[in-house]
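Here is how the chains run, residue by residue.
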Amino acid sequence: MKKTLYPKFILAYFIFGVFSFIIVTTFVPSMTRERLIREKAQDIYQEASLISGTYATGLYASEIDLETVKTQLDYLSVYLNSTIRIINPSGRLILDSDSPINVEEEIRIQKFDPTSTGGSYYMVNNFFDSFDQDVLTVLSPITYNYMVKGYVVIHCDMEQIEAFCNSLLNISYITLVILLLLSLIILIFFTEIVYIPLRKITYATEQYANGNMHYEFQVESNDEIGYLAACLNYMASQIAGAEDDQKKFVANVSHDFRSPLTSIRGYLEAMIDGTIPMESHHKYLNIVLNETERLAKLTNSLLTLNNLNTTGMLLDRTDFEINSVIRSTAASFEGTCRRKTIAIELVLTGTELYVYADMGKIQQVLYNLLDNAIKFSHHDSIIKVETSIKKSKLFISVKDTGIGIPKEALKLIWDRFYKSDLSRGRDKKGTGLGLSIVKEIINCHQEHINVISTEGEGSEFIFSLPLSQNMDEED
Ligand code: ADP
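A few points on the structure. For clarity, every value in this text was computed on a predicted model and none was experimentally measured. Within each chain, residue numbers correspond to sequence positions counted from 1 in written order. Confidence filtering applies because this is a predicted model: local features only for residues at pLDDT of at least 70, side-chain atom pairs given and counted only at 80 or more, and all residues used for totals across whole chains, interfaces and linings. The side-chain quantities take in all heavy atoms of the structure and omit both hydrogens and water.

Attention now moves to the overall build of the protein. The helix and strand labels rest on DSSP assignments: H or I over at least four residues marks a helix, E over at least two residues marks a strand, and numbering proceeds from the N terminus. For the protein, the helix and strand inventory stands at 12 helices and 12 strands. For the radius of gyration, the atoms used are the C-alpha atoms, and the globule rule reads 2.2 Å times the number of residues raised to 0.38. Since a compact globule built from 475 residues should have a radius of gyration of about 23 Å, the 52 Å found for the protein marks it as more spread out than a globular shape. The dimensions of the protein, computed from C-alpha atoms along their principal axes, are 160 × 65 × 35 Å. It only takes one pair of heavy atoms within 4.5 Å for two residues to be counted as in contact. Within the protein, contacts between residues separated by at least 24 positions form 67% of all contacts whose residues are at least 6 apart in sequence.

Here's what the structure looks like:
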């Protein structure tokens, strides 16, 4: 059977209860008893010392008579609720607050040994068998002429101390029960705050481990457990999204590879079996060549995207002159532009402008944006590449007056393999990967790219780049 946290916590709680009970019923009573005896002993020892230094010494010095001392001791014994005795070192009882003076009959405490306290100023026993039960006894020597003449002995009934001790212990037992009941609140809190959410989380992880990444669960708390649950939910949704993307990606790639391959195969078969006559071979071989070019472009774009994803932030950043990069990229489209009688107008800031970025990748961005701008521009139009500086950033805009992008497609153009319906007729070679690559590169630079476009009027793509920090020195 699966071991759960709850019985363990209950067991811990039970052990806590048992230990608390043992401590309160063993250590606490003995400590309390000990403490009360010591305090009482201290009190009566002070009284005994006082008596031995006053009346008792007076008695031995024959300054005070036996009767007077007896009267005083009687009062004190009532006041202290104890028995006060004066005993000779030999054990003979001189005075006893509990019995009248009896000079005729000698009462002797057998085996009386004042040294038997063992260094302590009090003892708890039946005082050399002179009591039926245990009493608390203190002894204070009476010294006269530098000699110990006797002892003032005060006995206190242990029952009083025990009764007081028990009343105190009753309070601690009641407190213990209340505390144990109150600590049940911790158990309730633990169940609500930790155990139930943890069970939900465990169940969810089991679902995820079984591949059910779309399983959703709710933990309503703002603490670490709530955060953990939210993170887990988010992680699962991301993985689910990534899985869906992966499937979509593979489907798109397969589709985009299959259509040119099918047409190549179709044309080649038709040429071999003679459906396409010899004199038309040149025309159809050119179509086949175009299709292979499309396949090559697709493969290259996929490789670029893959590299961007795996290398992540690994960019080869340097300070380079952006104006010349823009000029040379624009120049590489000269042939295409001439065919479509399109002009590229460059409005560049300064003669030389340095930015800090990965030159090869930025060249690729410019290339993809210009390629799209030309592809989707009408004949005899102008494409404008403009740079401007705002807050230590360089903004590069590529603007055309072509077919524009429909509003509903504006968010989708960055998706892999997305091609708007408008573009399909114009751009048969398009892979729908160009802008994904652009976005990925700009994101890697931690910069931004935006598009402003109106269908039928044209589009403007603007992206930012960090200016070189050393620009002043290089200028
Ligand atoms: P492709 O290689 O097919 O051009 P892109 O990712 O570069 O793929 O572009 C995706 C889609 O965005 C294009 O099919 C097109 O519909 C739209 N698009 C991109 N640039 C422009 C532009 N300058 N003018 C109009 N539409 C554009």
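We are not done yet, so read on.
Within this analysis, patches are made of residues with over 30% relative accessible area and no salt bridge. Like charges are joined at 9 Å or less; nonpolar side chains (Val, Leu, Ile, Met, Phe, Trp, Tyr) at 5 Å or less. Using a 1.4 Å probe, the Shrake-Rupley method yields the accessible areas, and only the shown protein chains count as cover for residues. Whenever a carboxyl oxygen of Asp or Glu lies within 4 Å of a side-chain nitrogen of Lys or Arg, that contact is scored as a salt bridge. Positive charges are assigned to Lys and Arg, negative charges to Asp and Glu, while His and the chain termini are left out of the count. Just so you know, the charge point we use is NZ for Lys, CZ for Arg, CG for Asp and CD for Glu. On the surface, a cluster of negative charge is contributed by Glu-243, Asp-244, Asp-245 and Asp-415. If you trace the backbone, Asp-245 turns up in helix H5 (residues 224-272).

All right, on to the site of the ligand then. Working definition: residue near molecule or strand if any one of its non-hydrogen atoms lies within 4 Å of it. The immediate surroundings of the ligand are formed by 21 residues, with Asn-372, Lys-375, Ser-420, Gly-432 and Leu-435 found nearest. Within the backbone of Gly-432, an N or O atom sits 2.9 Å from an oxygen atom of the ligand. Across the complex, the protein chains shield 98% of the 540 Å² of accessible surface that the ligand would expose by itself. Only helix H9 (359-375), helix H11 (434-444) and strand S12 (458-466) provide two or more residues apiece to the shell around the ligand. Top element by residues in the shell around the ligand is H9. It accounts for 3 residues. Residue polarity follows a fixed list, in which Ala, Val, Leu, Ile, Met, Phe, Trp, Tyr, Cys and Pro are nonpolar, Asp, Glu, Lys and Arg are charged, and the others, Gly among them, are polar. For the shell around the ligand, the class distribution of residues is 8 nonpolar, 9 polar and 4 charged. Under the rule applied, a polar contact is a pair of N or O atoms within 3.5 Å (in protein, one hydrogen donor and one hydrogen acceptor; residues adjacent in sequence only if both atoms are side-chain atoms).

Glancing now at the side chain of Thr-387. The topology assignment puts Thr-387 in strand S9 (residues 382-390). Relative accessibility under 20% of the residue-type maximum defines a buried residue, over 50% an exposed one, and the middle range a partly exposed one, all with a 1.4 Å probe and only protein chains included. In this structure Thr-387 comes out as buried when scored by relative accessible area, which is 6%. If near-sequence neighbours (up to four positions away) are discounted, Thr-387 is found in contact with Ile-326, Val-347, Leu-348, Thr-349, Leu-394, Phe-395 and Ile-396.

So, about helix H1 (residues 5-25). For a helix, the expected span equals 1.5 Å multiplied by the number of residues minus one. Taking 1.5 Å per residue, 21 residues should reach 30 Å; H1 reaches 30 Å between its end C-alpha atoms and fits that length. Every buried residue of H1 is accounted for by Gly-17, Ser-20 and Val-24. An end-on view of H1 places all buried positions within 65° of arc, on one side of the element. In this structure, H1 carries Phe-14 and Phe-19 as exposed residues pointing more than 90 degrees from its buried face. Next to the buried residues of H1 lie helix H2 (27-60) and helix H4 (158-209). Each direction from the helix axis to a C-beta atom contributes to the arc, which is the arc of those directions.

This part is about the pairing of strand S10 (residues 393-400). Looking at chain direction, S9 and S10 are connected through 7 bridges and run antiparallel. Its bridge partner lying in S10, Val-385 is registered against Val-398. By this definition, two strands are paired if DSSP reports at least two bridges between them. Turn length for the S9-S10 hairpin, with the two strands adjacent in sequence and antiparallel, is 2 residues, and the turn residue Lys-391 shows positive phi of about 50°. Sheet topology places S10 next to S12; 8 bridges connect them, and they run antiparallel. Note on S12: the bridge partner recorded for Val-398 is Phe-461.

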